[in-house]
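# Overview (structure and organization)
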Amino acid sequence: MATQSPETQAQIDEFLPNYNLRALYEIRINTPRSIAYKSLLSVDFSDLWLTRLLMTLRSGRQIPRHNNPAGLLQRLQGTGFVVLEELTEDEIVIGIAGRFWRPDGGRCMDLTETNFINFCQPGFAKAAWNFKLRGLLPEPEITILSTETRIQCFGPAALWRFRLYWSLVGPFSGLIRQEMLKLVKTKAESRVR
């Protein structure tokens, strides 16, 4: 029987240990972690029609596929998302803050990796989002890829608004996360065929 490797500590714990809401999804990928990690970095989530559709509905404008070959981390630049930590073949942690319940997301575009931990502006929320890769022992050719999202709200009004927003958006966000994991799995497993 395969068991999980002892790597249980997640870097997301360092950036958002306390949170109001959490969502976690995972998938088994039939490749070593190195291949799964390379696939994660190179995947373009705008290839997912569900992601484009839901983001179009949210923003009120059509979200096109990306035409440039940039990787995941490069595409985040200028979006309000900041890379908080990248541990090669282990975990990527991304952060964002804003008023997510607003149609434009109310993103704090001046957020940096150095001020994320201390961000606590009343009326706002912040989120940490990760991709964590774990190997299975004794099967090193198997990777478990998970993605976790944690949200912390600042003040009762922000918490109330976010919970209302999440009651509508949360199920769709979960579908997007699951589709992201499937896309990475498909790409990674096609590399070893």
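What comes next concerns the included structure. Being a predicted model, the structure only gives us computed values, none of them experimental.

### Description of the overall build of the protein chain
Within the protein chain, the regular secondary structure consists of five helices and six strands. Going from the N terminus to the C terminus, the protein chain shows its helices and strands as β-α-β-α-α-α-β-β-β-β-α. Buried positions account for 47% of the 193 residues belonging to the protein chain. Within the protein chain, contacts between residues separated by at least 24 positions form 73% of all contacts whose residues are at least 6 apart in sequence.

### Regarding the packing of helix α2 (residues 33-42) against helix α5 (residues 156-192)
Remark: α2 packs on α5, axes separated minimally by 8 Å, with the N-to-C direction vectors making an angle of 125°. When the axis of α2 is compared with that of α5, the two are oblique. For the crossing formed where α2 meets α5, the hand is right-handed. Here α2 contributes Ile35, Ala36, Lys38, Ser39, Leu40 and Ser42 to the contact with α5, which in turn contributes Val184, Lys187, Ala188, Arg191 and Val192. Grouping the amino acids of the contact of α2 with α5 by side-chain chemistry returns six nonpolar, two polar and three charged.

### Some thoughts on the pattern of salt bridges
Counted according to the given criterion, the structure contains eight salt bridges. For Glu148, the salt bridge goes to Arg150, with nearest N and O atoms at 2.7 Å. In this structure, a network of salt bridges that share partners links the residues Asp13, Arg22, Glu148 and Arg150.

Each value, and the rule that gives it
Residues numbered from 1 in each chain as written. Predicted model: local features only at pLDDT ≥ 70, side-chain atom pairs only at ≥ 80, totals over all residues. Heavy atoms only, no water. Helix = DSSP H or I, 4+ residues; strand = E, 2+ residues; numbered from the N terminus. Buried < 20%, exposed > 50% of the residue type's maximum accessible area, 1.4 Å probe, protein only. Contact = heavy atoms within 4.5 Å. Axes fitted to C-alpha atoms, helices over the stretch in contact; angles between N-to-C directions. Parallel < 35°, antiparallel > 145°, perpendicular 65-115°, else oblique. Left-handed = near helix turned anticlockwise from the far one by under 90°. Nonpolar A, V, L, I, M, F, W, Y, C, P; charged D, E, K, R; others polar. Salt bridge = Lys/Arg side-chain N within 4 Å of Asp/Glu carboxyl O.

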